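Chain residues, written in single-letter form:
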Amino acid sequence: MRVLLVAGARPNFMKIAPLIPVLRERGHQVILVHTGQHYDASMSGSFFEELGIPNPDYYLGVGGGTQAEQLSKVIAGFEPVLSTVRPDWVVVVGDVTSTLGAALVAASARPSIGCRLAHVEAGLRSNDWRMPEEVNRVVTDRISDLLLTPSRDGNQNLEDEGIPAGRIVFVGNVMIDTLMKQLEKARSLKVASRFGLAPKEYSLVTLHRPSNVDSPEMLRTIIEGLELVAKRLPIVFPVHPRTRDRIAALSDLGITDRIKLIDPAPYRDMLSLASDAALVLTDSGGVQEETTVLGVPCVTIREQTERPITITEGTNRLTPWPPSATGILQSAEEALADAGNTTVRRPEGWDGAAAARIVAALENG
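Here the structure is a predicted model, which is why all the values come from computation and not from measurement. The residue numbering used here restarts from 1 in each chain and proceeds along that chain's sequence as written. Where local features are concerned, this predicted model is filtered to residues with pLDDT of at least 70; where side-chain atom pairs are given and counted, the filter is 80 or more; whole-chain, interface and lining totals use all residues. Side-chain measures were taken over the full set of non-hydrogen atoms in the model, leaving aside hydrogen atoms and water.

Caption draft 1: Just the overall build of the protein chain, in detail. The secondary structure listing takes helices from DSSP runs of H or I that are at least 4 residues long and strands from runs of E that are at least 2 residues long, numbered from the N terminus. Summing up its helical and strand segments, the protein chain has 16 helices and 13 strands in all. Viewed in the frame of its principal axes, the protein chain has a C-alpha envelope of about 60 × 45 × 40 Å. The buried share of the protein chain, reckoned over its 365 residues, is 58%. The Shrake-Rupley method, run with a 1.4 Å probe, gives the accessible areas here. Residue values count only the displayed protein chains as cover. Looking at the protein chain as shown, the accessible area adds up to about 14300 Å², and 51% of this sits on carbon and sulfur atoms. Positive and negative side-chain charges in the protein chain, numbering 37 and 44 respectively, have mean positions lying 3 Å apart. Residue exposure (1.4 Å probe, protein chains only): buried if accessible area is under 20% of the type maximum, exposed if over 50%, otherwise partly exposed. Just so you know, the count uses Lys and Arg for positive and Asp and Glu for negative, and it drops His and the chain ends. Lysine's charge is taken at NZ, arginine's at CZ, aspartate's at CG and glutamate's at CD.

Below, the structure is given as structure tokens:
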């Protein structure tokens, strides 16, 4: 079986890393395409090295730009690759622009090449069409032959949309395969100590969504809320390049030294910081999942989440919406008070064996 595996942005890399060795162990040929949607070392290169991902067979060099510009570059770059490789399966992961671009090309070429399209992390829904990711994931699911879901609610979402059950396979969360493999190494790094912080005596923040950082008013409100949290717990804040630019444009923010702004961190460093944090505040989908498995209280600064299982079974909660500084503080205090809640459990299939189930689904598909 020839499998063309597509990744392009930081959230993808943790999901493809476990798939490559399992596919090869089962005797399948893997061709890796890196679209280059995330193209600097902090957002891409270091992840390949840390996670043992081989050098890509094809690098499309998409780079920056608007979503439309990136999408057009992915489509133009991926089409000749697909025509050359002619795989049995095209596998896309997650919900970034690269995912949709490669999926559209594969669906268009399917009749002539005979390939099939599989979507890893299918069925997640926020029902917020303002999010580019929602458009990406819904369209990708609609045109995929095999829909591989990370949680049972994904199956139900897809069936509710009229997708036949025979195209849907629950496989669990492949990103947790990577977390479990890397956790011991990550914890040994004790990254918090580099900033003079002890375990469980700080908060970790990640913030990158355009809806949160592109509006000066929204960004100012969130920073004000983080400052209130930082009076109780100092904050470590690895700053996404997009967010750093937006912060720099607001010269009157007056961020205090209780919020430690640092560069984007490699995967193991981030995992070390998250596992030792007393609290995580984020707008990242993947971080919601990681904190649930780590048992770390999480506050998601969003109106809704496509990962509701992290709330119903995990450690996550949403801030009141629209956000306010006091609302963010209240959510943080509630999350800290709820730490150690005995009803929290690791969701089904978040067990480190999802990659094997994904490969089995491809073999049986």
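Caption draft 2: Focus on the side chain of Glu121. Along the polypeptide, Glu121 turns up in the loop between strand S5 (116-120) and helix H6 (132-143). Contacts: residue pairs with any heavy atoms within 4.5 Å of one another. Ignoring any residue separated from it by four or fewer positions in sequence, one finds Glu121 in contact with Lys15, Gly94, Leu148, Pro150, Glu289 and Arg307.

Caption draft 3: Region of the structure containing helix H13 (residues 285-294). Within H13, ten of the ten residues are buried, which leaves it mostly tucked inside the rest of the structure. Among the residues making up H13, those that are buried are Gly285, Gly286, Val287, Gln288, Glu289, Glu290, Thr291, Thr292, Val293 and Leu294. One side-chain oxygen at the N-terminal end of H13 lies 3.3 Å from the backbone nitrogen of Gly286; it belongs to Ser284. Of the residues flanking the end of H13, it is Gly295, one or two places downstream, whose phi is positive at about 75°. For the purposes of these results, a polar contact is taken to be a pair of N or O atoms within 3.5 Å, where, inside protein, one atom must be able to donate a hydrogen and its partner to accept one; residues adjacent in sequence count only when each atom of the pair is a side-chain atom.

Caption draft 4: The environment of Pro216, seen in detail. In this structure, Pro216 sits in helix H10 (residues 216-230). Taking relative accessible area as the criterion, Pro216 reaches 36% and is therefore assigned partly exposed. The sequence separation of Pro216 and Arg142 amounts to 74 residues, and the corresponding C-alpha distance is 35 Å.

Caption draft 5: Structural detail: the sheet that holds strand S13 (residues 316-318). Judged by pairing direction, the sheet is parallel, and its six strands sit side by side in the order S10-S9-S8-S11-S12-S13 without closing on themselves. Since the sheet does not close on itself, it has two edges, and those belong to strand S10 (259-262) and S13, each with one partner. Neighbouring strand axes in the sheet, compared pairwise and without regard to direction, differ in orientation by 20° on average. One bridge is not enough; two strands pair if DSSP finds at least two bridges between them. In terms of strand pairing, strand S8 (residues 203-205) meets strand S11 (residues 279-282) through three bridges, oriented parallel. By the bridge assignment, Val205 is partnered in S11 with Leu281. The axes used here are C-alpha line fits, helices contributing only the stretch in contact, and every angle between their N-to-C directions lies in the interval 0 to 180 degrees.

Caption draft 6: Here's a closer look at the pairing of S11. What you see with S11 is no split at all: Leu279 and Leu281 on one side and Val280 and Thr282 on the other are buried throughout. For S11 and strand S12 (residues 298-300), the ladder comprises three bridges, and the chain directions are parallel. From the neighbouring strand, Thr282 faces S12, where its bridge partner is Thr300. By convention, a crossover is right-handed whenever its connection, traced from the first strand over the helix to the second and viewed with the strands pointing away, goes clockwise. Each parallel crossover has a hand, and for S11 linked through H13 to S12 it is right-handed.

Caption draft 7: Here's a closer look at the pattern of salt bridges. Each salt bridge in this description consists of a side-chain nitrogen of Lys or Arg and a carboxyl oxygen of Asp or Glu lying within 4 Å of one another. With the rule as written, the count across this model stands at 25 salt bridges. Residue Glu363 pairs with Arg26 through a salt bridge whose shortest N-O separation is 2.5 Å. In this pair, Glu363 sits in helix H16 (residues 354-364) while Arg26 sits in the loop between helix H2 (19-25) and strand S2 (29-34), placing the two residues 337 residues apart along the sequence. For Arg26, a relative accessible area of 42% corresponds to the partly exposed category. Among the salt bridges present, the one from Glu134 reaches Arg137, with a minimum N-O distance of 2.3 Å. Here Glu134 and its partner Arg137 are both found in helix H6, three residues apart, which amounts to about one turn of the helix. With a relative accessible area of 1%, Arg137 lands in the buried category.

Caption draft 8: Expanded view of the packing of aromatic side chains. Aromatic pairs are defined between Phe, Tyr and Trp rings, using the six-membered ring for Trp, whenever the two ring centres lie within 6.5 Å; interplanar angles under 30 degrees are classed as stacked, those over 60 as edge-to-face, and all others as tilted. Considering all chains together, one arrives at three aromatic pairs under this definition. With a centroid separation of 5.1 Å and 70° between ring planes, the pair formed by Phe13 and Phe48 is classed as edge-to-face. Taken together, the positions of Phe13 in helix H1 (residues 10-16) and Phe48 in helix H3 (residues 41-51) put the pair 35 residues apart, joining distant regions of the chain. One aromatic cluster is present, built from ring pairs that chain together Phe13, Phe47, Phe48 and Tyr267.

Caption draft 9: Region of interest: the packing of helix H4 (residues 67-85) against helix H5 (residues 97-113). Two elements in contact, H4 and H5, have axes whose closest approach is 8 Å; the angle formed by their N-to-C orientations is 35°. When the axes of H4 and H5 are compared, the crossing they make is right-handed. Along its contact with H4, which presents Gln67, Gln70, Leu71, Val74, Ile75, Phe78, Glu79, Leu82 and Ser83, the element H5 presents Thr97, Ser98, Leu100, Gly101, Ala102, Leu104, Val105, Ala106, Ala109 and Ile113. Basically, the charged four are Asp, Glu, Lys and Arg, the nonpolar ten are Ala, Val, Leu, Ile, Met, Phe, Trp, Tyr, Cys and Pro, and anything else, Gly included, counts as polar. Tallied by class, the residues present in the contact of H4 with H5 amount to twelve nonpolar, six polar and one charged. Helix crossings fall into two classes, left-handed where the near helix is turned counterclockwise from the far one by less than a right angle and right-handed where it is turned clockwise.

Caption draft 10: Molecular detail of unusual backbone geometry. Cis geometry marks the peptide bond from Trp321 to Pro322; its omega dihedral reads 0°. The residue Pro322 is located in the loop between S13 and helix H15 (325-337) in this model. Here the phi dihedral of Lys190 falls at roughly 50°; this positive angle occurs in a residue that is not glycine. Within the secondary structure, Lys190 is located in the loop between helix H8 (174-189) and S8.

So far we have only geometry, and geometry alone does not tell us how the molecule works.
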